[in-house]
Structure formats: structure tokens, C-alpha cells
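Each chain is listed here by its residues.
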Amino acid sequence: KTVHGGYDGKGQCIVRDKSQALKVFNSMKRHPLVWEKKIPFLKELSIIAARDVEGNVVVYPVSENMHIDNILDTAIVPARISRRAQNTARKIAETVALHLDIVGVFCVEMFLLEKDEILVNEIAPRPHNSGHYTINACPVSQFEQQLRAICGLSLGLPLLQNPAVMVNVLGTGKGNRLIGVDKMLGDPRIHFHLYGKEEAKTKRKMGHITAVAKSVEEALEAAEAARRKLRWAGSL
């Protein structure tokens, strides 16, 4: 991984021996890199939390994340993991907030291993893509929580009102006009957020869909069905 400018799969490469490592190092113009061990994880998880100026911490439910080409594709909340793993993830988030003296919203990304062991993969000191579900599924979103935390206001309750699944909508490079939004929004479980970016470049995050339903399975089915109704096209 590059130390600077790496996100959504950019600036990352898997290497399996020294010759591959040297080739990648040279291709990245010998910029400083972070070397990480490859982990045989069962699931990728993340958790959104916030700490205010007084040191109070609130923690949202654990999200189960799925990536495609190193880009977040789907976030499922609550994560389909044991209560023990959920509690461990929460304690990790609280520990991070305390020891890094964070003020504001942050995300801790984790790997779930065998026997409910959890390893921290990354810490993002900001609102995070995997927490976008909070806009529609929680009384206080991660964005409102950020303002509360840094402005000295009381933190809101990080309650999940209903199971939710968030899926990203990526550009394809085939046009900047999104077709099918009207059909997708016919489902009352669906909430759509389009970011207003002018060019829908390949694999660029252009928006997201959040499905809120009575169960994780129903929300997952609804979110995936909604996304299948969309396609990018050229100008009229």
C-alpha cells in the first residue's frame, strides 16, 4: 500500500515473493509503502463510533462488509456474527477512541478470524462509506454525530431502528446519465443518494442505495434488486 493517496483499491497490490515486491516498488516510483501480511479472514467488519470533547463515546452496530476489487460493495447491518464477536468489536472501538484521544466520528475496519478472533485492519478518522446506512436506519446519522461531537453538543443515540443494507453505485465509464431511478424508487424500502459527480468514471463511487427492512435477508434482497434496475448511459 502506498502511504499517501491510496483508496478504493488504488495504490495497492498483492505480492507473493521478493521479485514481485521489487517490481511493484519500482512501478510505484519508489514511494514509501506499507507492507501488510495477508490474513485468511472469514469476514470483513467495520464499526462507526464517535467521541466528544468530554471523552464520551457512542458506538454504532457492527457492519459486515463485502468488497469487490478492493472497493466496498455491500455493507450489512447488523453483521451476521456472534454476540461475542460484536462485543469484542465494540470494545476495540472504545479502546481506539480512548488511546488515540479522538474527537469526532471514526471507523475501525476489522477482520473476523476463526474462534471469533478479531484483528484491526485500518482506522479511518472520519465518517466512512460503511456508515452511510446511518442516514436512513438510525435516529442520528454519522454525519450529524460528527457535528455534535466537534461542536460540544450531546452525542445522539447510535440505535439501529431496522436492519439495513447499503450498496454502492459505481460508474462504468459508459456514460454519465443514470437510467432506472424511477423504477428503483417504486420500492418504499429503498433510499437513494446520488452524489452529484459530473463524470461516472469506471469504478468511481457515484452514489449509494440503502434498503431498510424487517430482516437482514429482506434488506439484502431489496438492495441488490434495486441496484440491478440501474444502468449508465450516454447523453440523449
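Residues numbered from 1 in each chain as written. Predicted model: local features only at pLDDT ≥ 70, side-chain atom pairs only at ≥ 80, totals over all residues. Heavy atoms only, no water.

Peer 1: Mind laying out unusual backbone geometry, listing which residues take part and the relevant values?
Peer 2: Trans is the prevailing form of peptide bonds, just as negative phi is the prevailing case for residues other than glycine. Omega for the peptide link from Val77 to Pro78 comes to 0°, which places this bond in the cis form. Residue position: Pro78 is located in the loop between strand E3 (71-77) and helix H2 (83-99). Not every positive phi belongs to a glycine, and Asp69 is a case in point at roughly 55°. Inspection of the secondary structure assignment puts Asp69 in the loop between strand E2 (57-68) and E3. A positive phi angle is found at Lys115, which is not glycine, with a value near 60°. (Helix = DSSP H or I, 4+ residues; strand = E, 2+ residues; numbered from the N terminus.)

Peer 1: Now, about a positive patch on the surface: what can you tell me, with residues and values included?
Peer 2: A cluster of basic side chains, namely Arg177, Lys183, Arg228, Lys229 and Arg231, defines a positive patch on the protein surface. Summarising the element assignment, Lys183 is placed in helix H5 (residues 181-184). (Patch = residues over 30% accessible without salt bridge, like charges linked within 9 Å, V, L, I, M, F, W, Y side chains within 5 Å. Areas by Shrake-Rupley, 256 points an atom, 1.4 Å probe, with all protein chains shown as cover. Salt bridge = Lys/Arg side-chain N within 4 Å of Asp/Glu carboxyl O. Lys, Arg positive; Asp, Glu negative; His and termini not counted. Charge placed at Lys NZ, Arg CZ, Asp CG, Glu CD.)

Peer 1: How would you summarise the sheet that holds strand E4 (residues 104-112) if you had to cite specific residues and measurements?
Peer 2: What links the strands of a sheet is backbone hydrogen bonding, and the strands pair in either a parallel or an antiparallel sense. If you trace the eight strands from one edge of the open sheet to the other, you get E5-E4-E1-E2-E3-E6-E9-E8, paired in antiparallel fashion. The sheet terminates laterally at strand E5 (118-124) and strand E8 (190-194), the two strands that pair on one side only. Averaged over all neighbouring strand pairs, the angle between strand axes comes to 25°, with direction disregarded. Judged from the seven bridges that link them, strand E1 (residues 43-51) and E2 form a sheet pairing that is antiparallel. When the bridges of E2 are listed, Ile47 appears paired with Val62. Across the sheet, H2 lies against E1, E2, E4 and E5, angled at about 135° from E4, the strand it touches most. Contacts from helix H6 (residues 216-228) reach E3, strand E6 (164-170), E8 and strand E9 (205-212), with the element oriented near 20° to E6. (Pairing = 2+ DSSP bridges. Axes fitted to C-alpha atoms, helices over the stretch in contact; angles between N-to-C directions. Contact = heavy atoms within 4.5 Å.)

Peer 1: Give me the lowdown on the pairing of E2, citing residues and values where you can.
Peer 2: With antiparallel pairing between neighbouring strands as the criterion, E1 and E2 make up a hairpin whose turn holds five residues, including Gly55 at a positive phi of roughly 95°. Sheet topology places E2 next to E3; five bridges connect them, and they run antiparallel. Residue pairing across strands places Asn65 opposite Ala75, the latter belonging to E3. Counting the residues that bridge the hairpin from E2 to E3 gives two residues, and of these Asp69 lies at a positive phi of roughly 55°.

Peer 1: Explain H6 residue by residue, including any values.
Peer 2: The end-to-end C-alpha separation of H6 is 18 Å, in line with the 18 Å expected for 13 residues at 1.5 Å each. Taken residue by residue, H6 has Val216, Ala219, Leu220, Ala222, Ala223 and Ala226 as its buried positions. Along H6, the residues classed as buried sweep out an arc of 165° about the axis, all on the same side. Among the exposed residues of H6, those oriented more than 90 degrees off its buried face are Glu217, Glu221 and Arg228. Where H6 is buried, its residues meet E3, E6, H5, E8 and E9. (Expected span 1.5 Å × (residues − 1). Buried < 20%, exposed > 50% of the residue type's maximum accessible area, 1.4 Å probe, protein only. Arc of directions from axis to C-beta.)

Peer 1: Explain the nonpolar core residue by residue, including any values.
Peer 2: In this structure, Val165, Met184, Ile190, Phe192, Ile209 and Leu230 are the most contacted members of the largest nonpolar core, which totals 21 residues. If you list the elements that add at least two residues to this core, you get E6, E8, E9 and H6. Here this core takes six residues from H6, the largest share from any one element. Non-local contacts of Ile190, meaning those with residues more than four positions away in its chain, are made with Met184, Leu185, Ile209, Thr210, Ala211, Ala222, Ala223 and Ala226. (Core = buried A, V, L, I, M, F, W, Y, C linked by side-chain atoms within 4.5 Å.)

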